[in-house]
Amino acid sequence: MKRFVLLMLCSACLASCQTAGGSRSHKDLNDYPEGRAYTECLRSRARAYASQQGSPLELGIIISSSCSGERRALLDAVDRDESPVYTRVLTREMERQSPAVAAEMVIAVRSGR
């Protein structure tokens, strides 16, 4: 019973910490000109590489790497408006997800969507 009460108190403390400072909304990445440029880079490279041999994920890795300059410009723009912690988390997630997003674009181009 003591563990349950302790767990509930810890949960309440964590919930209050997360909601106290978490009310700030973040700007959508496509609201940045750099975000639109990054998305367009991914799209144009997906159209260019879709006809090449290789799995979509392999091509996604290549596409993601070829758009790294645009991704860096976007992250620099976000860094000017957001907290360093938010930017770090966004950087990590973009580096992890960009190849998969580009692979989805390759699949869409290959299927004619």
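Up top is the structure.
Within each chain, residue numbers correspond to sequence positions counted from 1 in written order. Under the rules for a predicted model, residues below a pLDDT of 70 receive no local features and side-chain atom pairs below 80 are neither given nor counted, while totals for whole chains, interfaces and linings still include all residues. By convention in this description, side-chain values take in all heavy atoms of the structure and omit both hydrogens and water.

Looking now at helix 4 (residues 68-81). Helix and strand assignments follow DSSP, with helices taken as H or I runs no shorter than four residues and strands as E runs no shorter than two, numbered in order from the N terminus. Each residue after the first adds 1.5 Å to the expected span of a helix. Taking 1.5 Å of rise per residue, the 14 residues of helix 4 would be expected to cover 20 Å, and the 20 Å separating its terminal C-alpha atoms lies within 8% of that figure. For every residue, the accessible area (1.4 Å probe, protein chains only) is compared with the maximum for its type, and the residue is labelled buried under 20%, exposed over 50%, or partly exposed between those bounds. Along helix 4, the residues that are buried comprise R71, L74, L75, A77 and V78. In a view along the axis of helix 4, the buried residues occupy a sector of 160°, so they form one face of it. Residues of helix 4 that are buried in the fold lie against helix 2 (33-49), helix 3 (56-66) and helix 5 (84-110). The directions considered for the arc run from the helix axis to the C-beta atoms. It only takes one pair of heavy atoms within 4.5 Å for two residues to be counted as in contact.

Close approach of charged atoms lets side chains of opposite charge pair. By salt bridge we mean one thing: a side-chain nitrogen of Lys or Arg within 4 Å of a carboxyl oxygen of Asp or Glu. For the structure on display, the rule yields four salt bridges. Between R72 and D76 there is a salt bridge whose closest N-O contact spans 3.3 Å. Here D76 and R72 lie together in helix 4, a separation of four residues that amounts to about one turn. Judged by relative accessible area, which is 40%, R72 ranks as partly exposed. The class for D76 is partly exposed, based on a relative accessible area of 36%.

Right, let's talk about the environment of A46 for a bit. Looking at the element boundaries, A46 is found in helix 2. The buried category is assigned to A46, whose relative accessible area is 1%. When the C-alpha positions of A46 and G60 are compared, they lie 7.8 Å apart, and in sequence the two are 14 residues distant. Excluding anything up to four places from it in sequence, A46 contacts I63, M105, V106 and V109.

Here, the term disulfide refers to a pair of cysteine sulfur atoms separated by no more than 2.5 Å. Counting across every chain of the model gives one disulfide. Paired through a disulfide, C41 and C67 show a sulfur-sulfur distance of 2.1 Å. On the sign convention where negative is left-handed, the bridge of C41 and C67, at about -90° about the S-S bond, is left-handed. Residue C41 is located in helix 2, and its partner C67 is located in the loop between helix 3 and helix 4; the two are separated by 26 residues in the primary sequence. Across this residue pair, the class does not change: C41 and C67 are buried.

Moving on, we come to the layout of surface pockets. Cavity: a set of points on a 1 Å grid over the protein atoms alone where a 1.4 Å probe fits but cannot get out. Pocket: an open set with protein on both sides within 12 Å along at least five of seven lines, its lining residues, like those of a cavity, having an atom within 4 Å of a point. Grid points are joined across faces, edges and corners, and a volume is the space filled by probe spheres set on the points. Taken as a whole, the largest pocket spans an internal volume of roughly 200 Å³. Around the largest pocket, the lining is made up of 13 residues, and of these L29, Y38, L42, M94 and V101 lie nearest the centre. Per element, the largest residue contribution to the lining of the largest pocket is six residues, and it comes from helix 5. For this classification, Asp, Glu, Lys and Arg are treated as charged, while Ala, Val, Leu, Ile, Met, Phe, Trp, Tyr, Cys and Pro are nonpolar and the rest, including Gly, are polar. Residue composition of the lining of the largest pocket, grouped by class: seven nonpolar, five polar and one charged.

By themselves these figures say nothing about function.
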